[in-house]
Amino acid sequence: LRSCAAALAALSILFSSTALGADGPIVIKFSHVVADDTPKGKGALLFKKLAEERLAGQVQVEVYSNSKLYGDADEMQALLDNKVQMLAPSLSKFDPYTKQLQVFDLPFLFDDAEAVKRFQKREASNKLLNSMSGHGIYGLAYWNNGLKQLSATHALHQPEDAAGLSFRVQPSKVLESQFEALNAKTVRLSFSEVFKALQDGTVQGAENPWSNIASQKLHTVQPYITESNHGMLNYMLITNSKFWLGIPFAVRSELEGIIQEVTQAVNNEAEALNRRDRERILASGTQVLSLTPEERQRWREKMRPVWEAYEAEIGADVIRAAQAVNR
Ligand code: LMR
């Protein structure tokens, strides 16, 4: 009789805790460093919307934009500690975890954004999604922003014009080498520090896609922007492997389907958002300098030696696979 009572008590606790939702929905905290009205910001919000619609009661997504919860300095550790479950850092921020992703930073490697998209569909790119699994980082997808432009306190027409200036860089050795090739200096800064550093003159220049320039108002503290299109800013949507694989299979499959859909939307819309922001910047009176094909070729020649310097770390096969997507 006693064991029967105990079983009943256990059952009632089970039911009441289910009714009270003690198990609750799975909470996914998605932290990022840019504004909501950017390719990544919109992607995060679309993921939240679709996940909460299709997995109502089972999944809840909290989006923290603009480095509100974690910034560049601490977001990776927060993911590893499962304090946050999703991030989409730029591929330039994974140096401590894998060297192979550096391929995406090689200047002038891809002809345009379409070439990058083609590369991301190839086997070599797919493998790179797994390149940080040893660290407990699970790569879910590539999200793209746009081609980077050089902004500065001076007009940069020729590569020599950048000599001596100090540029803000993401924490990437390839990007540092790219500016060293111009005899320029670099300072590694978190994204949230860029506006102030440009405003107070800590650095005189930066490289960003139009969407990040416009949403952070960087053009208000940088009188010149050279439309160099010299590289691309891409992200990897990542999660904590242990957390992800702990999600019940059916829910995880649904989430992965949603991620595919959101990835397509982000990558289809990124160019239009960057075009829109370019127009806004032009309308604001900031001087946008375009390069003639000959001028662009000179920038390319100056920066091109960076490829060889990183070939051993990245792998010649990966660089070849990337080049093969140019038409
Ligand atoms: C940067 O630090 O410049 C970018 O990675 C910011 C971002 O996430 O777009």
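A brief look at the structure comes next. (Residues numbered from 1 in each chain as written. Predicted model: local features only at pLDDT ≥ 70, side-chain atom pairs only at ≥ 80, totals over all residues. Heavy atoms only, no water.)

Some thoughts on the overall build of the protein
At step 1: When you go through the protein residue by residue, the secondary structure sums to 13 helices and ten strands.
At step 2: Along the longest, intermediate and shortest principal axes, the C-alpha atoms of the protein span 90 × 40 × 30 Å.
At step 3: Across the 327 residues that make up the protein, the buried fraction comes to 51%.
At step 4: When the accessible surface of the protein is summed, it comes to about 14,700 Å², and 52% of that surface belongs to carbon and sulfur atoms.
At step 5: Side-chain charges in the protein split into 36 positive and 38 negative, and the spacing between the mean points of these groups amounts to 3 Å. (Helix = DSSP H or I, 4+ residues; strand = E, 2+ residues; numbered from the N terminus. Buried < 20%, exposed > 50% of the residue type's maximum accessible area, 1.4 Å probe, protein only. Areas by Shrake-Rupley, 256 points an atom, 1.4 Å probe, with all protein chains shown as cover. Lys, Arg positive; Asp, Glu negative; His and termini not counted. Charge placed at Lys NZ, Arg CZ, Asp CG, Glu CD.)

A word on the nonpolar core
At step 1: Core analysis: the biggest nonpolar cluster contains 43 residues, and Phe47 and Leu255 have the highest contact counts within it.
At step 2: If one sorts the elements of this core by residue count, helix 10 (residues 249–283) sits on top with seven residues.
At step 3: Aside from chain neighbours lying at most four places away, what touches Phe47 is Ile28, Phe30, Val61, Met86, Leu255, Ile258, Ile259 and Val262.
At step 4: Counting residues in each nonpolar core, the second largest holds 37 residues, with Leu91, Leu106, Phe119 and Val174 among its members. (Core = buried A, V, L, I, M, F, W, Y, C linked by side-chain atoms within 4.5 Å. Contact = heavy atoms within 4.5 Å.)

A closer look at the site of the ligand
At step 1: In the region of the ligand, the neighbouring residues are Val33, Val34, Lys40, Ser90, Lys93, Arg168, Gln170, Phe191, Asn208, Asn212, Leu233 and Tyr235.
At step 2: One nitrogen or oxygen atom from the side chain of Lys93 is found 2.8 Å from an oxygen atom belonging to the ligand.
At step 3: Arg168 is positioned such that a nitrogen or oxygen atom in its side chain is 2.7 Å from an oxygen atom of the ligand.
At step 4: Relative to its unbound accessible surface of 270 Å², the ligand loses 99% to contact with the protein.
At step 5: Mapping the ligand onto the cavity grids shows that it belongs to the largest cavity.
At step 6: Per-class residue counts for the shell around the ligand are five nonpolar, four polar and three charged. (Near = heavy atom within 4 Å. Polar contact = N/O pair within 3.5 Å; in protein donor to acceptor, adjacent residues only side chain to side chain. 1 Å grid on protein atoms, 1.4 Å probe; cavity = no way out; pocket = protein on both sides within 12 Å on 5 of 7 lines; lining within 4 Å. Sits in = over half its atoms within 2 Å of the grid points. Nonpolar A, V, L, I, M, F, W, Y, C, P; charged D, E, K, R; others polar.)

Observations concerning the pairing of strand 1 (residues 26–31)
At step 1: Here strand 1 pairs with strand 2 (residues 59–64) via six bridges, running parallel. Residue Lys29 lies in a different strand from strand 2, and its bridge partner there is Glu62.
At step 2: As a crossover connection, the stretch from strand 1 through helix 2 (residues 39–54) into strand 2 is right-handed. (Pairing = 2+ DSSP bridges. Right-handed = clockwise from strand over helix to strand, strands pointing away.)

Topic: empty space enclosed by the protein
At step 1: Tallied over the full model, the rule gives two cavities of 30 Å³ or more.
At step 2: Lining the largest cavity are 15 residues; nearest its centre among them are Lys93, Gln170, Phe191, Asn212 and Leu233.
At step 3: Among the secondary structure elements, those contributing two or more residues to the lining of the largest cavity are strand 7 (205–209) and strand 9 (232–240).
At step 4: If you tally residues by element for the lining of the largest cavity, the top one is strand 7, at three residues.
At step 5: For the lining of the largest cavity, a count of residues per class yields six nonpolar, four polar and five charged.
At step 6: In this structure, the second largest cavity is lined by Phe104, Leu106, Phe108, Leu109, Phe110, Leu147, Asn229, His230, Gly231 and Met232.
At step 7: A per-class count over the lining of the second largest cavity returns seven nonpolar, three polar and no charged. (Points joined across faces, edges and corners; volume = space filled by probe spheres on them.)

Comments concerning unusual backbone geometry
At step 1: One non-glycine residue, Phe108, adopts positive backbone phi at about 60 degrees.
At step 2: Mapped onto the fold, Phe108 is located in the loop between strand 3 (86–87) and helix 4 (113–120).
At step 3: Overall, the relative accessible area of 4% leaves Phe108 in the buried class.
At step 4: Notably, Lys217 is not glycine yet its phi reads approximately 60 degrees, a positive angle.

Some remarks on the packing of aromatic side chains
At step 1: Across all of its chains, the model carries seven aromatic pairs by this definition.
At step 2: Taking 5.5 Å as the distance between ring centres and 45 degrees as the angle between the ring planes, the aromatic pair formed by Phe104 and Tyr142 counts as tilted. Of this pair, Phe104 sits in the loop between strand 3 and helix 4 while Tyr142 sits in strand 4 (residues 137–152), and the two are 38 residues apart along the sequence.
At step 3: Residue class for Tyr142 comes out buried when judged on its relative accessible area of 5%.
At step 4: Between Phe167 and Phe179, the aromatic rings sit 4.4 Å apart at their centres with planes inclined by 15 degrees, giving stacked as the arrangement. Here Phe167, found in strand 5 (residues 166–169), pairs with Phe179, found in helix 6 (residues 173–180); they are twelve residues apart in sequence, far enough to count as distant.
At step 5: Residue Phe167 is classed as buried on the basis of its relative accessible area of 0%.
At step 6: A relative accessible area of 0% places Phe179 in the buried class.
At step 7: The lysine or arginine in question, Arg304, covers the ring of Trp307, its NZ or CZ lying 3.7 Å from the ring centre. (Phe/Tyr/Trp six-rings, centres within 6.5 Å; stacked < 30°, edge-to-face > 60°. Lys NZ or Arg CZ within 6 Å of the ring centre and 35° of its normal.)

It is worth stressing that arrangement in space is one thing and function is another; only the former is reported here.
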